Amino acid sequence: MNKDLSLRSLLGSTSLPRNEAYILMAYVLNKHYQLPRSTLVSRDEMELDGLALEEWQSLESRRLNGEPVAYLIGKRGFHNIELQVAPGVLIPRPETELLVDIALQEIKRLEGKVKHPNILDLGTGSGAIALSIANEASHTQVIATDQSTEALSIAKLNAKFLGLETRIEFAQGSWYEALKEDVMFDVILSNPPYIANQDPHLNQGDLRFEPIDALTDHSTGLSCLEAIIIGCPMHLKPGGLIAVEHGFDQSDAVVGLMKTAGLVDIQVHRDLAYHPRVVSARK
Ligand code: GLN
């Protein structure tokens, strides 16, 4: 008997969670037949053939093996944009949207005071933070840095795809070392590697497939946060805002670093899961 290769049968028999199977199948339909996602419902008797069938089987087994969905389909939604992602960059997380919202609120506050607010995103990865801000606030000037040339080339590609390449400048290097010395910012943002080197999460789930240098500082988890916070007064305008993302149990330590740096108006912000996730402060 011929095997049933209809969408209904393939989706019905996979051991993947339903939402993941649908995302991967929609990707296959779009890539091989230029069909929309709605085909999954409207034409579920359709059979896959040739390369499309091979691709479905390969994606299904790679996902069952743990590879992140975002790397398999090469993209991820973040804030109001879609980003291309590949194993050279961290997959943008919903928690990080909090950092973007804090920055947008500050940019709004500066309206009528600063014509072109200067924003810095340290360790931009896919460009998630910098590009969301450039996309939402068209009067800003955004500089995005990363140490990894691979990450920067993905971030540049994203800027191009989103039509934002003239709005954003990229610089390579470790934290502030990437900058020309005399630039001062209204807002400094970063979602640095903050997982401690011994943290068992590094060996679980999507994290196993993400760039290790984007996840951990290979130390206590606080060394990058420290470099960013202690260095910020040199690069913030008076009254300028810094906001950094951190691990759920690092908020006291990050507040301590902000105090050591002489910053004021220190605030802890919670994510949707109610974990302290971002600390902001002013020079
Ligand atoms: N800034 C990027 C993001 O938030 C990358 C962060 C990182 O690689 N640690 O997704």
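Remember, predicted model here, so these are calculated numbers, not experimental data.

Conventions and cut-offs
- Residues numbered from 1 in each chain as written.
- Predicted model: local features only at pLDDT ≥ 70, side-chain atom pairs only at ≥ 80, totals over all residues.
- Heavy atoms only, no water.
- Helix = DSSP H or I, 4+ residues; strand = E, 2+ residues; numbered from the N terminus.
- Buried < 20%, exposed > 50% of the residue type's maximum accessible area, 1.4 Å probe, protein only.
- Contact = heavy atoms within 4.5 Å.
- Areas by Shrake-Rupley, 256 points an atom, 1.4 Å probe, with all protein chains shown as cover.
- Lys, Arg positive; Asp, Glu negative; His and termini not counted.
- Charge placed at Lys NZ, Arg CZ, Asp CG, Glu CD.
- Near = heavy atom within 4 Å.
- Polar contact = N/O pair within 3.5 Å; in protein donor to acceptor, adjacent residues only side chain to side chain.
- Nonpolar A, V, L, I, M, F, W, Y, C, P; charged D, E, K, R; others polar.
- Salt bridge = Lys/Arg side-chain N within 4 Å of Asp/Glu carboxyl O.
- Expected span 1.5 Å × (residues − 1).
- Arc of directions from axis to C-beta.
- Pairing = 2+ DSSP bridges.
- Axes fitted to C-alpha atoms, helices over the stretch in contact; angles between N-to-C directions.

K.L.:
Explain the overall build of the chain here, please?
P.N.:
Counting its secondary structure elements, the chain contains 11 helices and 9 strands. Each principal axis of the C-alpha distribution contributes one length, and for the chain these read about 75 × 40 × 35 Å. Each of the 283 residues in the chain was classed as buried or not, and the buried ones make up 52%. Considering only intrachain contacts with a sequence separation of at least 6, the fraction spanning at least 24 residues in the chain is 64%. Carbon together with sulfur atoms contributes 51% to the accessible area of the chain, which is approximately 13,900 Å² in total. Measuring between centres, the 26 positive side-chain charges of the chain sit 5 Å from its 37 negative side-chain charges.

K.L.:
What exactly am I supposed to notice about the site of the ligand here?
P.N.:
What surrounds the ligand is the set Leu90, Pro92, Thr96, Gly123, Thr124, Gly125, Ile129, Asn191, Pro192, Pro193 and Ala214. A distance of 2.9 Å separates an oxygen atom of the ligand from a polar side-chain atom of asparagine 191. When isolated, the ligand has an accessible area of 300 Å², and the protein chains bury 96% of it. In the shell around the ligand, the residues fall into 6 nonpolar, 5 polar and no charged.

K.L.:
Mind showing me how you'd approach the pattern of salt bridges here?
P.N.:
For side chains of opposite charge, pairing can occur when their charged atoms come near one another. The final tally for this structure, using the stated rule, is 12 salt bridges. Taking the shortest distance from any N to any O, the salt bridge between aspartate 206 and arginine 63 comes out at 3.9 Å. One end of the pair, aspartate 206, is in the loop between strand 6 (185-190) and helix 9 (212-215); the other, arginine 63, is in helix 4 (residues 50-64), and 143 residues separate them in sequence. Classification of aspartate 206 by relative accessible area gives partly exposed; the value is 26%. Among the residues examined, arginine 63 registers a relative accessible area of 16% and is labelled buried. Each of Glu106, Arg109, Asp265 and Arg282 takes part in salt bridges that share partners, so that together they form one network.

K.L.:
Please explain helix 8 (residues 149-161) as it appears in this structure.
P.N.:
For helix 8, spanning 13 residues, the distance from its first C-alpha to its last is 18 Å, which sits close to the expected 18 Å at 1.5 Å a residue. If you check which residues of helix 8 are buried, you get Ala151, Leu152, Ile154, Ala155, Asn158 and Ala159. Down the axis of helix 8, the smallest arc covering the buried residues is 160 degrees, so these residues share one side. Turned more than 90 degrees from where helix 8 packs its buried face, Thr149, Lys160 and Phe161 sit exposed.

K.L.:
Whenever I open this one, the sheet that holds strand 7 (residues 236-245) confuses me. Can you help?
P.N.:
The strands making up a sheet associate through hydrogen bonds between their backbones, and the pairing can be parallel or antiparallel. Read across the sheet, 7 strands follow the order 5-4-3-6-7-9-8 without closing on themselves; strand pairing throughout is mixed. The two strands at the open ends of the sheet, each matched to only one other strand, are strand 5 (168-172) and strand 8 (264-270). Looking at each pair of strands side by side, their axes are set apart by 15 degrees on average, direction ignored. Sheet topology note: the strand 3 (residues 118-122)/strand 4 (residues 141-146) ladder contains 5 bridges and is parallel. Looking across to strand 4, one finds that aspartate 121 is bridged to alanine 144. In the packing of helix 11 (residues 251-260) onto the sheet, contacts are made with strand 7, strand 8 and strand 9 (276-282), and the angle to strand 9 comes to roughly 10 degrees.

K.L.:
Got a minute to help me understand the environment of alanine 155 in this structure?
P.N.:
The residue alanine 155 is located in helix 8 in this model. The exposure class of alanine 155 is buried, given its relative accessible area of 0%. Residues alanine 155 and glycine 125, spaced 30 residues apart in sequence, show a C-alpha to C-alpha distance of 6.5 Å.

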